[in-house]
Amino acid sequence: MRLAVLGSGSGGNAIVVHSDDGLLLVDAGFSGRRIVQEICKLGKEVSSLGALLLTHEHEDHVRGARQLVKRFGVETYATAGTLSGVDLGETASPSTIRSGEPFEAAGFQIEAFRLPHDAREPVGYVIEDRKGRRLGVVHDLGSRTRLAWGRLRDLDALVIETNHDLQKLRNGPYPWHLKQRVASRHGHLSNHDAALGVEELLCERLRHVVLYHLSRTNNSPALAYQAVAERLDACGSQAEIILTRQDEATPWIELRSASPLGPSKGAVLPAPRRQPDRSGEPSRDEAAGGQLALALSYP
């Protein structure tokens, strides 16, 4: 099982997940053309896409959905609330999903769970392949909830929102009403809250933490990285931190083993992390662990 982020930020969001049994897309926040191009660059064909999972109806998550459904007949899964806010075309026959009810799509076992966000019925996902490898996807939420964090257990990889630094948001150029919206319980997750959330989900098998939906105005890659790295290092975790960006896909991120006993014999763990340099960007060594984030801000 492996995943790649096609891009992340208010300009668009999409994640592709692949295993021997299938290929699926989580959100389609770019044009259909760009999604096709990025998936092809990863060595896969969009014609083999078995499912599209939508988290919510905001444009930066559904922009290319109608094109993909019309051109490739991609089977789409979303909550009733999300589907009520998305135009997939007259010929589309999407599948309605519900929080807490597992379903199968594109060879994966999937469970959706409700999230607190200013959308109609937003959800996150846990995606599991037949070998038991588990990916958690949680973004566009204003606060951690017991329900969501109860689902996000025993993961091999976690995609989590690190949208803003609270100080930068407070002192930044946004009007007050928008600052309140972003920082509200139904807005977006801060670096601090995301770092605490990652700490709560740490286990021996968690090897990849993907930082998602960074704000260009109210955050920086260095601040997001440092907030999460400090918590991982304090807990002795060697999980790899991967920063995503708006305008470039990450390489494939391989989920190697579902064993709760840690990495298999001979596996190479990530190198020790270094603090960000004074430029405010992650150092060259940090950048090697993932792509730098240049995501746009919310909304």
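Here the structure is shown first, and the text comes after it.
This structure is a prediction, so every number in the text was calculated from the model and none was measured.

J.: Teacher, can you tell me more about helix H7 (residues 176-183) here?
T.: Every buried residue belonging to H7 is among Leu178, Lys179 and Val182, and all of these are buried. Taken end-on, H7 shows its buried residues confined to a sector of 105°, consistent with a single buried face. Turned more than 90 degrees away from the buried face of H7 sit Trp176 and His177, all of them exposed. Its buried side turned inward, H7 meets helix H6 (166-171).

J.: What exactly am I supposed to notice about helix H3 (residues 65-72) here?
T.: Residues three or four positions apart in an α-helix share a direction because the helix packs 3.6 residues into each turn. Among the residues of H3, Ala65, Leu68 and Val69 are the ones counted as buried. Around the axis of H3, the buried residues are gathered within 95° of arc, so they sit on the same side. Summarising the geometry of H3, the exposed residues directed more than 90 degrees from the buried face are Lys70 and Arg71. Elements in contact with the buried residues of H3: strand S3 (22-26), helix H1 (32-41), strand S4 (51-53), helix H2 (59-62) and strand S5 (76-79). Backbone geometry just downstream of H3 places glycine 73 in the positive-phi region, at approximately 65°.

J.: Honestly, the packing of H1 against H3 in this entry has me stumped. Any pointers?
T.: Angle between the axes and distance between the axes: these two values describe a pair of packed helices. With their axes 8 Å apart at the nearest point, H1 and H3 run at an angle of 70° to one another. Regarding the angle of H1 to H3, the classification is roughly perpendicular. Here Gly32, Ile35 and Val36 of H1 come into contact with H3, specifically with Gln67, Leu68, Arg71 and Phe72. Residues belonging to the contact of H1 with H3 are distributed by class as follows: 4 nonpolar, 2 polar and 1 charged.

J.: Is there a simple way to think about the sheet that holds strand S12 (residues 208-212) in this case?
T.: One key point about sheets: their strands pair by backbone hydrogen bonds, in either a parallel or an antiparallel sense. Ordered by their spatial adjacency, 7 strands build an open sheet running S7-S8-S9-S10-S11-S12-S13, and the pairing between neighbours is mixed. The two strands at the open ends of the sheet, each matched to only one other strand, are strand S7 (103-105) and strand S13 (240-243). The average angle at which neighbouring strand axes cross in this sheet is 20°, direction not considered. Relative to strand S9 (residues 123-128), strand S8 (residues 108-114) is paired through 6 bridges, and the arrangement is antiparallel. Across the sheet, residue phenylalanine 113 finds its bridge partner in S9, namely glycine 124. Contacts between helix H9 (residues 221-234) and the sheet are confined to S12 and S13, with S13 contributing the most and set at about 165° to the helix.

J.: Looking at this model, I keep getting lost on the pairing of S5. Mind explaining?
T.: Alternating positions in S5 separate into two faces, Thr76 and Ala78 on one and Tyr77 and Thr79 on the other, with burial throughout. As paired strands, S4 and S5 are joined by 2 bridges and run parallel to one another. What sits directly across from leucine 52, in S5, is threonine 76. Pairing of S5 with strand S6 (residues 95-97) involves 3 bridges; the strand directions are parallel. Looking at the pairing, threonine 79 lines up with isoleucine 97 of S6.

Parameters at a glance
- Residues numbered from 1 in each chain as written.
- Predicted model: local features only at pLDDT ≥ 70, side-chain atom pairs only at ≥ 80, totals over all residues.
- Heavy atoms only, no water.
- Buried < 20%, exposed > 50% of the residue type's maximum accessible area, 1.4 Å probe, protein only.
- Helix = DSSP H or I, 4+ residues; strand = E, 2+ residues; numbered from the N terminus.
- Arc of directions from axis to C-beta.
- Contact = heavy atoms within 4.5 Å.
- Axes fitted to C-alpha atoms, helices over the stretch in contact; angles between N-to-C directions.
- Parallel < 35°, antiparallel > 145°, perpendicular 65-115°, else oblique.
- Nonpolar A, V, L, I, M, F, W, Y, C, P; charged D, E, K, R; others polar.
- Pairing = 2+ DSSP bridges.

Without other data, these values stay purely geometric and don't point to any function.
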